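# Residue-level structural notes
Now for the letters of each chain:
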Amino acid sequence: MLALLGRVHLLDAGGATIASPPGWSAGDPLLAAAVQSFGGGDALRQLAPGTERSFLFETGAQGWRAAFDHVAIPGGPDWIVAVVAPESEFTGLARRNAMWTAAIAAATLLAAIGAAIVVSRRIAEPLRVISLDLERLAVFDFGASPAPP
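What comes next concerns the included structure. Counting of residues starts from 1 at the beginning of each chain's written sequence and follows it residue by residue. Reporting of local features is limited, given that this is a predicted model, to residues whose pLDDT is at least 70; pairs of side-chain atoms are given and counted only at 80 or more, and all residues count toward the totals for whole chains, interfaces and linings. With hydrogens and water stripped out, all remaining heavy atoms of the structure feed into the side-chain values.

This paragraph deals with the overall build of the protein chain. Assigned secondary structure in the protein chain consists of three helices and five strands. Helix and strand labels come from DSSP, where a helix needs a run of H or I of at least four residues and a strand needs a run of E of at least two; each type is numbered from the N terminus. Helices and strands appear in the protein chain in the N-to-C order β-β-α-α-β-β-β-α. Throughout, the radius of gyration refers to the C-alpha atoms, and the reference size of a globule is 2.2 Å times the residue count to the power 0.38. By the compact-globule yardstick of 15 Å for 149 residues, the protein chain is too spread out, its C-alpha radius of gyration being 34 Å. Once the C-alpha set of the protein chain is aligned to its principal axes, its extents read approximately 110 × 30 × 25 Å. Accessible area is worked out with a 1.4 Å probe on protein chains only. A residue is then buried under 20% of its type maximum, exposed over 50%, and partly exposed in between. Evaluated residue by residue, the protein chain yields a buried proportion of 21% over its 149 residues. A fraction of 39% describes how many contacts in the protein chain between residues 6 or more apart in sequence connect residues 24 or more apart. Of the roughly 10,200 Å² of accessible surface on the protein chain, a fraction of 66% belongs to carbon and sulfur atoms. Charged residues are defined narrowly, with Lys and Arg counted positive, Asp and Glu counted negative, and His plus the chain ends left uncounted. To locate a charge, take atom NZ for lysine, CZ for arginine, CG for aspartate or CD for glutamate. Side-chain charges of the protein chain comprise 10 positive and 13 negative groups, with the mean position of each set lying 8 Å from the other. Whether two residues are in contact is decided by their heavy atoms, any of which lying within 4.5 Å being enough. Reported accessibility uses the Shrake-Rupley method at a 1.4 Å probe radius. Residues are deemed covered only where the shown protein chains occlude them.

The structure is reproduced here in structure tokens:
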């Protein structure tokens, strides 16, 4: 289950891991893939203090979002905060909402079509009866049938 969760790593300015979430102290293959997608360790070391870079990358069949933020405090630590999370953590709710919206729209469309059929039949049937009566009147056939309501 750890493979599907977002995680944050703390790196030194050279890109070496200082701290990792529980379960990833031996190394995180996603962090390695993110660093590789970013341009490798050299690109990470060249990230200027105060600079943040966010990007998408894919590994396997899953899309991931990664961000590297170089935090340098004068006279203090010089760290890179690395965040790696599945893209679905950011877009999952929007996708579910889009699917619900499409389902509700389809149901509403079907209900509207059904209502249109019922209403059109209720209007068309009396008009059909009146049309038949007018056709009979055109040939002067004044039958004994009662007038429609």
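Now that the structure has been shown, the text picks up again.
Pairing between sheet strands relies on hydrogen bonds along the backbone, with the strands arranged either parallel or antiparallel. For two strands to pair, DSSP has to find at least two bridges joining them. On the basis of which strands lie adjacent, the open sheet formed by five strands has the order β2-β1-β5-β4-β3 and antiparallel pairing. The sheet terminates laterally at β2 (17-19) and β3 (52-59), the two strands that pair on one side only. Taken pair by pair, the neighbouring strands of this sheet meet at an average axis angle of 30°, ignoring direction. Examined bridge by bridge, strand β4 (residues 62-72) and strand β5 (residues 78-86) share nine bridges and lie antiparallel to one another. Directly across from Ala66, in β5, lies its bridge partner Val84. Here helix α1 (residues 29-38) sits on the sheet in contact with β1 (7-12), β2, β3, β4 and β5, set at roughly 110° to β3. Every axis corresponds to a line fitted to the C-alpha atoms, with the helix fit spanning only the stretch in contact, and the corresponding angles, defined between N-to-C directions, vary from 0 to 180 degrees.

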